[in-house]
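Next come the chains, spelled out residue by residue.
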Amino acid sequence: NKTDTMLKEVLTLLKQHSAHATFFLSSDYVHGSDLKQLVNNGHEIANHLPKDHEYASLPRADFERALEQTDAVLAPYLAGKTRWFRAP
């Protein structure tokens, strides 16, 4: 839920400590304005698959589609492809 985000507070804390972070984002839950803010503040964006779901038992093609789905949502905000992914 967009109203439940603590992104502003997290970004403020990171900035106060001159720190950068890698944010693993799920394409079903991410908002473009948040992505833009993360990238503009110099943070790395990574793939966390579309949603919280058990992916280990999926056929390889379905798993790859899930990775590609999230990469497609993240790509317009990035200079290149995501380097990392983390399964939910």
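As the structure is a computational prediction, the values presented were derived from the model and not from experiment.

Some remarks on the packing of aromatic side chains
Right, on to step 1. Evaluated as defined, the whole model comprises two aromatic pairs.
Right, on to step 2. Ring plane angle 75° and centroid distance 6.5 Å describe the contact between tyrosine 55 and phenylalanine 63, whose orientation is recorded as edge-to-face.
Right, on to step 3. Each member of the aromatic cluster is reached from another via a ring pair, and the members are Tyr55, Phe63 and Phe85.

What about unusual backbone geometry?
Right, on to step 1. A positive phi angle, close to 50°, is found at serine 18, a residue other than glycine.
Right, on to step 2. Its place among the elements puts serine 18 in the loop between α1 (7-16) and β1 (22-25).
Right, on to step 3. Classification of serine 18 by relative accessible area gives exposed; the value is 66%.
Right, on to step 4. Here the phi dihedral of leucine 49 falls at roughly 65°; this positive angle occurs in a residue that is not glycine.
Right, on to step 5. Tracing the chain through its elements places leucine 49 in the loop between β2 (44-47) and α3 (60-74).
Right, on to step 6. For leucine 49, a relative accessible area of 0% puts it in the buried group.

Some points on the pattern of salt bridges
Right, on to step 1. On inspection of all chains with the given rule, the structure shows three salt bridges.
Right, on to step 2. For the salt bridge of glutamate 44 with arginine 83, the shortest nitrogen-to-oxygen distance reads 3.3 Å. On the criterion of sequence distance, the pair formed by glutamate 44 in strand β2 and arginine 83 in the segment after α3 is long-range, its members being 39 residues apart.
Right, on to step 3. Between arginine 65 and aspartate 62 there is a salt bridge, with its nearest N and O atoms 2.2 Å apart. You can see arginine 65 and its partner aspartate 62 sitting in helix α3, three residues apart, about one turn around the helix.

Definitions and limits used
Residues numbered from 1 in each chain as written. Predicted model: local features only at pLDDT ≥ 70, side-chain atom pairs only at ≥ 80, totals over all residues. Heavy atoms only, no water. Phe/Tyr/Trp six-rings, centres within 6.5 Å; stacked < 30°, edge-to-face > 60°. Helix = DSSP H or I, 4+ residues; strand = E, 2+ residues; numbered from the N terminus. Buried < 20%, exposed > 50% of the residue type's maximum accessible area, 1.4 Å probe, protein only. Salt bridge = Lys/Arg side-chain N within 4 Å of Asp/Glu carboxyl O.

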